[in-house]
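Notes for the structure review
Take a look at the letters that make up each chain.
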Amino acid sequence: MAQGGVRLRSAFLVSSIGDWIYRFAAPTLILQITGSALSAALAYVLEFIPYIVVGLVAGVIADRWDRRRILITCDCLSFAIALVIAAVAAAERPSVALLYLCAFLLAAVRPFAFPAFQGFIVDTVPQERLSRMNAWTQTVDSSLGFVGPVVGTAFIAALGVPPATLVNALTFAISALLIYRIAHVSSREKPAAGVRAELSGVGRDFVAGLRILRSIRPVWWGTLLMAAANFAGFVVEGNLVYLILQVEGLPAVALGAVFAAQGLGAVLGAVVAPRLLDRYPTGRLLASGMALSALAMALPAALPAVGVIAAAWAVEGVATSVIVVSWFTARQTVVPAGAIGRVASVSRAAAYATIPVGALAGGAVAGGALAAWGGPVRTLFLCAALVQTAVAAATALSPLRDIHEAVPAPTTPGDP
């Protein structure tokens, strides 16, 4: 089990590093070909669409099939697509249309990998180690959010785009090999293999998964409140580039400092989260994390200086990691193993759906009459703080506060 945990962590780390290389390689190549910033930005947009479009179905697949095989299949498909991207990048006249198609296909694989990975953690990690596993993955995500741009751009600068995309492809192959060598032994009740192998009844299984989600009221409320918190956060985060570079007229290094502070705060939050979960009820930590996030957003509303924004975003990083680790661990504990894929994918789809809405809402506020009254920076942070305060209050008053006392819902007849 310990060796399997090391391999699972290594697979996650390797593939995450590859993702950061690709995240800069693809837009860089498209920018080189087209010279259009909008065309390059479209490569980023493509990352979110599949989670909303196919993410819900992907959760059903993750609960019906062997999760280890799903992860290996996803890595193998990603490896093949990344090889095509590397070949296109090396061509004398790269096809932008083919690059967009490959970018979309690669993004479409991830919604299947995410719920399968969440379920695979439940299948392979003992319950008492779940919080530490979630904290570790959050630490990797946060650390790469801090050093990822450096790693990604360094690879591209040193090797060029085609070799960098080839390195990305190799990371998927290594990840697939590591997961293949993990013995898939679950300590929890698993669905019948015959049912998993069938492709019929996907709609029925999805509806059954939604019933389970609704039946565990803390998880249902948590799904809604996490989506609302994402909306509040991206009212600001989706417009930080505009606020720092355009409104404040500061150099790009100032923007980097703000995101670096957030990354460092997120790493710290991920490190302390398991220790906090050992000492305090999960519901209380979630409410406290939401309140801390609201406070972080309120600070720049009171004093809109770049130093205050950086400090506030560091606090926001701490709060986010505590919330994420607590939420993932609680959800994995109270949701039946046979439904974790659907519940995870519904939560991710809801969270991703509010990200562009929050960013667009923030952009509208920043350019509207309300911003002229108090200034774009102060106004955006104030709006985000008000929404997040409402989310924190709802967390403290809703069934989510008692999620640590929730009883796992039984799977319904016919549920995989």
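If you're wondering where the values come from, they're calculated on a predicted model, not measured in any experiment. Chains are numbered independently. Their residues run from 1 in the order of the written sequence. Owing to the predicted nature of the model, reporting of local features is limited to residues with pLDDT of at least 70; listing and counting of side-chain atom pairs is limited to 80 or more, with chain, interface and lining totals taken over all residues. Calculation of side-chain values draws on the structure's entire complement of heavy atoms; hydrogens and water are dropped beforehand.

**A few points about the overall build of the chain**
- Each helix corresponds to a stretch of at least 4 residues labelled H or I by DSSP, and each strand to a stretch of at least 2 residues labelled E; elements are numbered beginning at the N terminus. When helices and strands are counted, the chain shows 18 helices and zero strands.
- Using a 1.4 Å probe on the protein chains alone, a residue whose accessible area is under 20% of its type maximum counts as buried, one over 50% counts as exposed, and one in between counts as partly exposed. Here the chain, with 416 residues, has 51% of them falling under the buried criterion.
- For the chain, restricting intrachain contacts to residue pairs at least 6 apart in sequence, the fraction spanning at least 24 positions comes to 86%.
- In short, Shrake-Rupley with a 1.4 Å probe defines the accessible areas, and a residue's cover is counted only from the protein chains shown. Summed over its atoms, the accessible surface of the chain is roughly 17,500 Å², and 69% of this surface lies on carbon and sulfur atoms. Note on definitions: a residue-residue contact is assigned when non-hydrogen atoms from the two residues lie within 4.5 Å.

**Observations regarding helix 12 (residues 240-247)**
- Every buried residue of helix 12 is accounted for by Leu 240, Leu 243 and Ile 244. Seen end-on, helix 12 carries its buried residues on one side only, within an arc spanning 85°.
- Just downstream of helix 12 lies Gly 249, where phi reads positive at about 65°. As used here, the arc is the angular range of directions from the helix axis to the C-beta atoms.

**Notes on the packing of helix 6 (residues 96-124) against helix 15 (residues 306-334)**
- Where helix 6 meets helix 15, the closest approach of the two axes is 10 Å, and the angle between their N-to-C directions is 70°. With respect to helix 15, the element helix 6 is oriented roughly perpendicular. Handedness of the crossing formed by helix 6 with helix 15: right-handed. Between helix 6 and helix 15, the residues in contact are Phe 114, Gln 118, Ile 121 and Val 122 and Phe 328, Arg 331 and Gln 332, respectively.
- Ten residue types, Ala, Val, Leu, Ile, Met, Phe, Trp, Tyr, Cys and Pro, are classed as nonpolar, four, Asp, Glu, Lys and Arg, as charged, and the remainder, Gly among them, as polar. Of the residues contributing to the contact of helix 6 with helix 15, the split by class is four nonpolar, two polar and one charged. To obtain each axis, a line is fitted to C-alpha atoms, and for helices this fit is confined to the stretch in contact; angles are then taken between N-to-C directions over 0 to 180 degrees. An angle below 35 degrees is treated as roughly parallel, one above 145 as roughly antiparallel, one from 65 to 115 as roughly perpendicular, and anything else as oblique. In this scheme, a crossing is called left-handed if the near helix is turned counterclockwise away from the far one by less than a right angle; it is called right-handed if the turn is clockwise.

**Here we look at the packing of aromatic side chains**
- Here a pair means two rings of Phe, Tyr or Trp (six-membered ring of Trp) with centres within 6.5 Å. Their orientation is stacked below 30 degrees between planes, edge-to-face above 60, and tilted elsewhere. Counted under the stated rule, the structure contains four aromatic pairs.
- The interplanar angle of 20° and the centroid separation of 5.4 Å between the aromatic rings of Phe 12 and Phe 117 together place this pair among those described as stacked. Linking Phe 12 in helix 1 (residues 2-34) with Phe 117 in helix 6, this pair joins segments that are 105 residues apart in sequence.
- Ring plane angle 85° and centroid distance 5.8 Å describe the contact between Trp 313 and Phe 381, whose orientation is recorded as edge-to-face. With Trp 313 in helix 15 and Phe 381 in helix 18 (residues 376-397), this residue pair connects regions lying 68 residues apart in the sequence. This pair shows no difference in class: Trp 313 is buried, exactly as Phe 381 is.
- Connected via pairs of aromatic rings, a cluster forms that spans Phe 12, Phe 117 and Trp 136.
- The lysine or arginine in question, Arg 214, covers the ring of Trp 220, its NZ or CZ lying 4.5 Å from the ring centre. Two thresholds decide whether a charge sits over a ring: the Lys NZ or Arg CZ must be within 6 Å of the ring centre and within 35 degrees of the ring normal.

**Remarks on a nonpolar patch on the surface**
- Where nonpolar side chains cluster on the molecular surface, the patch consists of Ile 49, Ile 52, Val 53, Val 84, Leu 98, Leu 101, Phe 104 and Leu 105 and spans about 620 Å² of accessible area.
- Breaking the nonpolar patch down by element, the ones donating at least two residues are helix 3 (49-53) and helix 6.
- In terms of residue count, helix 6 provides more of the nonpolar patch than any other element does, four residues in total.
- If you trace the backbone, Val 84 turns up in helix 5 (residues 67-90). A residue counts toward a patch only above 30% relative accessible area and without a salt bridge, and it is joined to like-charged neighbours within 9 Å or, for Val, Leu, Ile, Met, Phe, Trp and Tyr, to nonpolar neighbours within 5 Å. Here, a salt bridge means any Lys or Arg side-chain nitrogen found within 4 Å of an Asp or Glu carboxyl oxygen.

**Brief notes about helix 8 (residues 161-180)**
- The length a helix should cover is 1.5 Å for every residue beyond the first. Taking 1.5 Å per residue, 20 residues should reach 28 Å; helix 8 reaches 29 Å between its end C-alpha atoms and fits that length.
- Within helix 8, burial applies to Val 161, Ala 164, Thr 165, Asn 168, Ala 169, Thr 171, Phe 172, Ser 175, Ala 176, Leu 178 and Ile 179.

**Quick notes on the confidence of the model for the chain**
- On a range of 0 to 100, pLDDT expresses the predictor's confidence in each residue. Chain-level statistics for the chain give a pLDDT mean of 81 and a share of 83% at 70 or above.
- Within the chain, helix 14 (residues 282-302) carries the highest mean pLDDT (95), whereas helix 9 (residues 193-197) carries the lowest (42).
- The low-confidence segment residues 186-199, where pLDDT is below 50, has 28 contacts with residues more than four positions distant or belonging to other chains.
- With pLDDT under 50 throughout, residues 412-416 is counted as low confidence; its partners more than four residues away or in other chains account for 14 contacts.

**Let's talk about the nonpolar core**
- Among buried residues, those of type Ala, Val, Leu, Ile, Met, Phe, Trp, Tyr and Cys that are joined through side-chain atoms within 4.5 Å constitute a nonpolar core. Leu 8, Ile 85, Phe 117 and Ile 121 are the most contacted members of the largest nonpolar core, which totals 48 residues.
- Listing elements by their share of this core, those giving two or more residues are helix 1, helix 4 (55-64), helix 5, helix 6, helix 7 (130-159) and helix 8.
- Ranked by residue count, the leading element in this core is helix 6, at 11 residues.
- Setting aside residues up to four positions removed in sequence, Phe 117 forms contacts with Leu 8, Phe 12, Leu 71, Met 133 and Thr 137.

**Some words on the state of the cysteines**
- Only a pair of cysteine sulfur atoms within 2.5 Å qualifies as a disulfide here. Enumeration according to the criterion identifies zero disulfides in this entry.
- The thiol of Cys 74 is unpaired, and the distance to the nearest cysteine sulfur, on Cys 76, comes to 9.4 Å.
- The buried category is assigned to Cys 74, whose relative accessible area is 7%.

**So, the pattern of salt bridges**
- Inspection of every chain in the model, using the stated rule, returns five salt bridges.
- As a salt-bridge pair, Asp 63 and Arg 342 come within 2.6 Å of each other at their nearest N and O atoms. Remark: Arg 342 occurs in helix 16 (residues 340-366) and Asp 63 occurs in helix 4; sequence separation between them is 279 residues. Of the two residues examined, Asp 63 and Arg 342, each falls in the buried class.
- A salt bridge links Asp 402 to Arg 401; the shortest N-O distance between them is 3.6 Å.
- A cluster of three or more residues bridged by salt bridges with shared partners is formed by Asp 63, Arg 67, Asp 123 and Arg 342.

**Regarding the environment of Cys 102**
- By the secondary structure assignment, Cys 102 is in helix 6.
- A residue is classified by how much of its surface remains accessible, and Cys 102, at 5% relative accessible area, is buried.
- In this structure the C-alpha to C-alpha distance between Cys 102 and Ala 26, which are 76 residues apart in sequence, comes to 10.0 Å.
- Discounting chain neighbours no more than four positions away, the residues touching Cys 102 are Ile 81, Val 84 and Ile 85.

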